Amino acid sequence: MTEQRDIDRQREEVRRHLDELESRLNPKKVANRLIGKAQDSYNDDPTPWMAAAAGVAVLVVGGIALAIFRR
């Protein structure tokens, strides 16, 4: 009976490891964790996010202006 207990224990250990891997590598869960971290970062200090948004806006407007006036 000891062998069966060992097998059951090892099976449960493998199941826990697989559940942990699935939790760490599941794309939806990874995305949710990243979104949560970004939201926390924004709530702590929105200044860098605003600066980045302004930089992206300048690049987009500059690219459009370049495309229009280049002709």
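Residues numbered from 1 in each chain as written. Predicted model: local features only at pLDDT ≥ 70, side-chain atom pairs only at ≥ 80, totals over all residues. Heavy atoms only, no water.

**Quick notes on the overall build of the protein**
Quick reminder of the rule: Helix and strand assignments come from DSSP, with helices taken as H or I runs of at least 4 residues and strands as E runs of at least 2, each series counted from the N terminus. Radius of gyration: C-alpha atoms only; globule rule: 2.2 Å multiplied by the number of residues to the exponent 0.38. To measure how exposed things are, a 1.4 Å probe is used in the Shrake-Rupley method; for residues, cover is taken only from the protein chains shown. Only four residue types enter the charge count: Lys and Arg as positive, Asp and Glu as negative, with His and the chain ends excluded. In plain terms, the charge of a residue is placed at NZ if it is Lys, CZ if Arg, CG if Asp and CD if Glu.
Along the protein, the regular secondary structure elements total three helices and zero strands. When its helices and strands are written in sequence order, the protein yields α-α-α. Taken against the 2.2 N^0.38 rule, which gives 11 Å for 71 residues, the C-alpha radius of gyration of the protein at 25 Å runs more than 25% over that of a compact globule. Across its three principal axes, the protein shows a C-alpha extent of roughly 80 × 35 × 10 Å. About 6600 Å² of surface is accessible on the protein, with carbon and sulfur atoms providing 63% of the total. For the protein, the distance from the average site of its 12 positive side-chain charges to the average site of its 11 negative ones is 9 Å.

**Re the pattern of salt bridges**
What counts here: Should a side-chain nitrogen of Lys or Arg be within 4 Å of a carboxyl oxygen of Asp or Glu, the pair is scored as a salt bridge. Only protein chains enter the accessibility calculation, which uses a 1.4 Å probe; a residue whose area is less than 20% of its type maximum is buried, one above 50% is exposed, and one in between is partly exposed.
Under the defined criterion, the tally for this structure stands at six salt bridges. Between R15 and E12 there is a salt bridge, with the nearest N and O atoms lying 2.3 Å from each other. Of this pair, R15 and E12 both sit in helix 1 (residues 2-25), three residues apart, which is roughly one turn of that helix. Under the relative-accessibility criterion, R15 is labelled partly exposed at 40%. A salt bridge links K29 to E22, with the nearest nitrogen and oxygen atoms 3.3 Å apart. The exposure class of E22 is partly exposed, given its relative accessible area of 39%.

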